[in-house]
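Overview (structure and organization)
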Amino acid sequence: YYYLHAPERFHTIRIENLEADDLVAPVLENYCANQTSLLVTTDFDWTRYLSDKIHWIPDFTKEPQTKDELSAKMGFEISETSVILYKALFGDASDNIKGVSRETKEHKAEFLEILPSIRYPEDIFTKSRGLPIGGKGLLYDLSKNEAAFIINLSLISAIPVNKRHIDAVLTTGRDVPDMRKAIREAIGLDGTAKFRFGGIHRPRVEEVEEPATFED
């Protein structure tokens, strides 16, 4: 709501029941193609989109991080497949995703050994099925928890959104300084006011556009 009243260079997208994670790829593909982009987020999910032209900044006390820098830190090349596979196997507490295996030194080494031969996350099943009985390791953990792994893949994978839908809900800032000032004061960014729920009130009468419909 704040950015609806921001200068015209600001744009917002909101789709009911979708997370921002689902909108990153279509925004980059349709509005930022061939441009340099900076992802401002602490969400590791977004790193799957890093490239030579797309960097991220998870910590404002540090410089933006490139794909190569994050790859060196993680020990494997960052890509959509590697990020999804990594999270599906080892989980992510910030997203409430429980891993199918613990990220031990041995399991991480096994992951790094397997990764170069994986084109799609599901390819790992060709390695985890038909193993000798009684073994240990990452693949054995996966063989016992295939259902959980498949659920994790579903949770981590983005929901496809077509450009027509995004075009219909994309807003451009109206550049209303007085409203921005009122909102900032209401949420405690300016002045001495403290944030309270219900502190932001919309005008009683607003122009409401008819919702667009789409056939997918």
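The rules behind each value
- Chains are numbered independently. Their residues run from 1 in the order of the written sequence.
- Predicted model: local features are reported for residues with pLDDT of at least 70 only, side-chain atom pairs are reported and counted for 80 or more only, and whole-chain, interface and lining totals are derived from all residues.
- Calculated side-chain values reflect all of the structure's heavy atoms, with hydrogen atoms and water omitted.
- For every residue, the predictor reports its confidence as pLDDT, a number between 0 and 100.
- Think of it this way: any DSSP run of H or I at least four residues long counts as a helix, any run of E at least two long counts as a strand, and we number them from the N terminus.
- By definition, residues are in contact when any of their heavy atoms lie within 4.5 Å.
- Think of a polar contact as two N or O atoms within 3.5 Å of one another; within protein, one of them needs to be a possible hydrogen donor and the other a possible acceptor, and neighboring residues in sequence only count if both atoms come from side chains.
- Classification of ring pairs rests on two measures: the distance between centres of Phe, Tyr or Trp rings, Trp counted by its six-membered ring, which must be within 6.5 Å, and the angle between planes, read as stacked under 30 degrees, edge-to-face over 60 and tilted in between.
- Each residue gets one of three labels from its accessible area relative to the maximum for its type: buried under 20%, exposed over 50%, partly exposed in between, using a 1.4 Å probe on protein chains only.
- Charge over a ring is defined by NZ of Lys or CZ of Arg lying within 6 Å of the ring centre and within 35 degrees of the ring normal.
- Definition of nonpolar core: a set of buried residues of the types Ala, Val, Leu, Ile, Met, Phe, Trp, Tyr and Cys, connected through side-chain atoms within 4.5 Å.
- As a rule, the C-alpha atoms of each element are fitted with a line to give its axis, helices using only the stretch in contact, and angles between N-to-C directions run from 0 to 180 degrees.
- Angular relationships are summarised with four words: roughly parallel below 35 degrees, roughly antiparallel beyond 145, roughly perpendicular across 65 to 115, and oblique for the angles in between.
- Whether a crossing is left-handed or right-handed is set by the direction in which the near helix is turned from the far one by less than a right angle, anticlockwise for left-handed and clockwise for right-handed.
- All residues other than Ala, Val, Leu, Ile, Met, Phe, Trp, Tyr, Cys, Pro, Asp, Glu, Lys and Arg, Gly among them, are scored as polar; the first ten of these are nonpolar and the last four charged.

1. Brief notes about the confidence of the model for the protein chain
Overall, the predicted model of the protein chain reaches an average pLDDT of 89, with 88% of residues at or above 70. Helix α9 (residues 177–186) is the least confidently modelled element of the protein chain, averaging 92 in pLDDT, while strand β3 (residues 54–57) averages 97, the highest of any element. Scored below 50 in pLDDT, residues 204–216 makes seven contacts in the model with residues more than four places away or belonging to other chains.

2. A few points about the side chain of R180
Turning to its location among the elements, R180 is positioned in helix α9. A polar contact of 3.1 Å, which involves the side chain of R180, links it to the side chain of D175. What R180 contacts, discounting residues up to four positions off in sequence, is Y2, H5, A6, P7 and D175.

3. As for the packing of aromatic side chains
In the structure shown here, the tally under the stated rule is nine aromatic pairs. Taken together, a centroid distance of 5.1 Å and an interplanar angle of 85 degrees make the contact between Y2 and Y3 edge-to-face. Of the residues examined, Y2 reaches a relative accessible area of 22% and is grouped as partly exposed. In this structure Y3 comes out as partly exposed when scored by relative accessible area, which is 42%. Within the aromatic cluster, the residues linked to one another by ring pairs are F44, F76, Y86, F90 and F111. The residue whose ring lies beneath R129 is F125, and the NZ or CZ to ring-centre distance is 4.5 Å.

4. Overview of the nonpolar core
Grouped together as the largest cluster of nonpolar side chains are 35 residues, with contacts concentrated most on L39, L85, L89, F111, I124 and F149. At the level of secondary structure, the elements contributing two or more residues to this core comprise α1 (21–31), β3, α2 (67–74), α3 (80–90), α4 (105–114), α6 (138–144) and α7 (146–156). Broken down by element, this core gets its largest block of residues, seven residues, from α3. Once residues lying within four places of it in the same chain are set aside, the contact partners of I124 are L85, L89, I114, I118, L139, L142 and F149.

5. Points about unusual backbone geometry
Even without being glycine, N17 reaches a positive phi, approximately 70 degrees. In this fold, N17 is placed in the loop between β1 (11–12) and α1. If you check the backbone angles, D175 has positive phi at about 55 degrees while not being a glycine. If you trace the backbone, D175 turns up in the loop between β6 (171–172) and α9. Residue classification places D175 among the partly exposed residues on the basis of a relative accessible area of 40%.

6. Quick notes on the packing of α3 against α7
At a closest axis distance of 9 Å, the pairing of α3 and α7 adopts a crossing angle of 135 degrees. In terms of orientation, α3 and α7 fall into the oblique class. Relative to α7, α3 is oriented so that their crossing is right-handed. When α3 is examined against α7, the residues I84, L85, K87, A88 and L89 are found in contact with a partner set consisting of F149, N152, L153 and I156. Per-class residue counts for the contact of α3 with α7 are seven nonpolar, one polar and one charged.

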